[in-house]
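Below, each chain spelled out in residue letters.
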Amino acid sequence: MRTQIRWIRLAVVVVALAALFGGPAGAADAVKFKLDFSPVGYHAMFYSGVSRGVYARHGLSVDIIPGTGSYAGVMDVAAGKIDFAFADSATLALAALQAGVKDVKIIAMVLEVTPYSILYLRNHGIAKPPDLAGKTMANFQGSGVGRLFRSFARINGVDASGVKEILSAPPTYLNPLVVGQADFAPSTVNQTVNLREPARQAGNDLAEFRFVDHGMNIHGAALIANVQTLAQRKDLAKRFVQATLESVQWTARNPEAAVDELLKSNPQLKKDRALAELRSILSVSVPRGTTAGDPQQLGWTDAGTMVRTVDLVRESFGLSQQVDPAALYTNEFVTRP
Amino acid sequence: MRRRLVAGLVRYAPAAALAAFAVAAWEAAVLVLRIPAIIVPPPFEVALALVDRSVDWPHHIAVTALEIVAGFAAAVVLGIGLAVVLVMSQFLARVVLPWVLLAQIVPKIAFAPILFLTFGYNQLPTVIITFLVAFFPMVIDTAAGLGSLDPRMKDLLRSFQGSRWDVLWKAQFPASLPFIFSGLKVSSTLAVVGANVAEFVSARAGLGFLIINSQVTFNASLAFAAATYLILLGVAFYALIVALERWTLPWAAPHRAA
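Residues numbered from 1 in each chain as written. Chains lettered and ligands numbered in written order. Predicted model: local features only at pLDDT ≥ 70, side-chain atom pairs only at ≥ 80, totals over all residues.

A tally of helices and strands in chain A yields 14 helices and ten strands. Here chain A holds 337 residues, and the buried ones make up 51% of them. Put simply, of all contacts in chain A between residues at least 6 apart along the chain, 81% involve residues at least 24 apart. (Helix = DSSP H or I, 4+ residues; strand = E, 2+ residues; numbered from the N terminus. Buried ≥ 20, exposed ≤ 12 C-beta atoms within 10 Å, placed from the backbone. Contact = placed C-beta atoms within 7 Å.)

Right, here's the structure in full:
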């Protein structure tokens, strides 16, 4: 009888311990993660992390929130409403310079190389950057990449004084370029693959000047967090960065499968277009992710590139304020390559 | 039965013909002007998108419909309530009415991000924005209706020892019903606009989310299809209120324009 009671007690202890340490669903830390835009192809990097259980394996329950631009993501993180966001480095620099945002840091550089580019129509007499002088630019009010065109113009010898602008709403501002009402537009490399065929249908030959190839080698979008989150929930930030970088690397090596994962939660997207978009971003902006090297090579923020990013934002936006570029990021959560 | 069917066909034939002509003109314009499908898709592509099974249409429609109904319901209850208060108290009318006007004029789209920041990235800010957009006509139309009662009727009720509440409930409120239904009809269409605008700012699902997402991904046929469902949702909602009006106020039917 006594032996039976001992066994029962042991069983109770085992069950209790299992409930304490073995309950994966209940134990996961909830994380709110905001994207830069509404879900598109390159967001497969994050959605596949959720659907393949990468975040869950790091004890995280990640809620991905569609974004409305990097600036909104930076402000949400600054206000502490969102744990992490995927936001453009240049936009973070702008928020620090212009709005005095000091409490937000880059914790992992996902798009090591900016995907920004100038989309232009070859058949409108443009072959090299100086040909943009006197042409018409499609743009939207408040466009960050539109303002960076000023630095692009200076570096590439474009006389920007005669450039005319067609301003329209952000989601559709590239339409005038596609139909040939505008000659060029500041945008990103993933839009080139989206728009080349529609432009051809309208009788136009679309091409691009990538920023990275034209003296504008700056960082792209990164994972950002509030300094309070980093101080109070350091382990959470570390796990989030690790899981995200794992997912980015898997996506870089398995883009088609990653898009399949993306479509599970975003079935409204078209697979071929999402895949082309993802591949273009990976090839330009995630160069290290495509190799089979150390997964921790991803995520590193380069000091020199960050200085250049801040300098070009200051120049383009005509800002006199100063900010220490080193204060905008930390490499604490990634291993040096 | 057959005669009614023929009469119905004759009645709606011109509208159907106009719709068919518009669709044909749309198809022709896309072809002749060589407009890329990512900007204006041909009607056939939109029709395909409307029945595209890879898009969870019932879910997206239900999300938007819920936001519209919740925001609209709040606008109706609080709008009628506030109108009663304004009519009953001149002092409160002077204090509150400027704020109601301000809330109507202020561009909601500019303040929407602040609402999401304050209340979180869920459906509550969308319902609040829908409410704010739909609220004003309910207050103004109801207040106008409550104030439309012939003063002699008020005096008559008071002469029979009727209380303020009796005057309101037995005379002012019934007299104001046609005005309230006018407000309901205007508010119902504004609620659809409000929910859509809010979804443009932030959403994970819904017809507004689909429109923005498809614009970002250059899937114009999906955007047009989502807009079509949004229009149908708005029309159905409006028709429901018209039906309710006919049921509640059958005597007002011959004078009605819509």
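On to the domain arrangement of chain A, then. Residue and element names in this part refer to chain A. For chain A, the domain assignment lists domain 1 (28-113 + 218-328) and domain 2 (116-213). In this structure, domain 1 and domain 2 have C-alpha centres spaced 25 Å apart. The interface is formed by 18 residues belonging to domain 1 together with 13 residues belonging to domain 2. Put simply, the parts of the chain that give the side of domain 1 that touches domain 2 at least two residues each are α6 (89-98), α13 (271-285) and α14 (303-317). (Domains from an automatic or database assignment.)

Our focus in this paragraph is the confidence of the model for chain B. Looking at chain B as a whole, the pLDDT averages 90, with 97% of positions reaching at least 70. Taken over the whole predicted complex, pTM reads 0.82, whereas the ipTM for its chain interfaces reads 0.73. (pLDDT = per-residue confidence, 0-100.)

The next thing to look at is the domain arrangement of chain B. By domain assignment, chain B separates into domain 1 (1-35) and domain 2 (43-255). Averaged C-alpha coordinates put domain 1 of chain B and domain 2 of chain B at centres separated by 30 Å.

All names here are of chain A. The sheet built from five strands is open, its strands ordered β2-β1-β3-β10-β4 with mixed pairing. A single partner strand is all that each edge strand has here, and the edge strands are β2 (60-65) and β4 (104-109). Across this sheet, the average inter-strand angle for adjacent strands is 30 degrees, counted without regard to direction. Relative to the sheet, α6 contacts β3 (84-88), β4 and β10 (221-226), its axis offset from that of β3 by approximately 95 degrees. (Pairing = 2+ DSSP bridges. Axes fitted to C-alpha atoms, helices over the stretch in contact; angles between N-to-C directions.)

With that settled, the discussion passes to the interface of chain B and chain A. Accessible area lost when the parts come together is the quantity often used to give the size of an interface. Opposite the 25 residues of chain B that make contact, chain A presents 26 residues. Broken down by secondary-structure element, the contributors of at least two residues to the side of chain B that touches chain A are α5 (108-119) and α9 (207-216) of chain B. Element by element, the count of residues in the side of chain B that touches chain A is highest for α9(B), at six residues. Its residues assigned to classes, the side of chain B that touches chain A comprises 14 nonpolar, eight polar and three charged. (Nonpolar A, V, L, I, M, F, W, Y, C, P; charged D, E, K, R; others polar.)

This part covers the packing of α9(B) against helix α10 (residues 220-248) of chain B. Residues and elements named next belong to chain B. Interaxial distance between α9 and α10 falls to 8 Å at its minimum, and their mutual angle equals 160 degrees. When the interaxial angle is binned, α9 and α10 end up roughly antiparallel. In terms of crossing hand, the pair formed by α9 and α10 is left-handed. Mapping the contact onto sequence places L207, L210, I211, S214 and Q215 in α9 and A220, L222, A223, A226, A227, Y229 and L230 in α10. Along the lines of polarity and charge, the residues of the contact of α9 with α10 split into ten nonpolar, two polar and no charged. (Parallel < 35°, antiparallel > 145°, perpendicular 65-115°, else oblique. Left-handed = near helix turned anticlockwise from the far one by under 90°.)

Our next topic: unusual backbone geometry. Non-glycine residue B:Q161 carries a positive phi angle of around 65 degrees. If you trace the backbone, B:Q161 turns up in the loop between α7 (151-159) and α8 (164-201).

Turning next to the packing of helix α3 (residues 57-88) of chain B against α9(B). Residues and elements named next belong to chain B. Across the interface, α3 lies against α9 with an axial gap of 7 Å and an inter-helix angle of 120 degrees. If you check the angle between α3 and α9, you find them oblique. Together, H60, I61 and T64 of α3 and L207, G208 and L210 of α9 make up the contact between the two elements. Class assignment for the residues of the contact of α3 with α9 results in three nonpolar, three polar and no charged.

By secondary structure assignment, the location of B:T217 is in the loop between α9 and α10. In this structure, the C-alpha to C-alpha distance between B:T217 and B:L101, residues 116 residues apart in sequence, is 38 Å. For B:T217, the residues in contact, after removing those within four places along its chain, are A:V40, A:L269 and A:R273.

Glancing now at the nonpolar core. With 163 residues, the main nonpolar core has A:V74, A:L92, A:A108, A:F184 and A:I224 as its most contacted residues. Sort the elements by how many residues they give to this core and helix α6 (residues 124-146) of chain B lands first, with 14 residues. Residues contacting A:A108, with those up to four places away along its chain left out, are A:A222, A:L223, A:V241, A:T244, A:L245, A:G299, A:F333 and A:V334. (Core = buried A, V, L, I, M, F, W, Y, C linked by C-beta atoms within 7 Å.)

Residue and element names in this part refer to chain B. Within the element layout of this structure, A112 appears in helix α5. A residue is classified by how many C-beta atoms lie within 10 Å of it, and A112, with 23 of them, is buried. Residues A112 and V201, spaced 89 residues apart in sequence, show a C-alpha to C-alpha distance of 6.9 Å. The residues touching A112, leaving out its near neighbours within four places in the chain, are P125, I129, A198 and V201.

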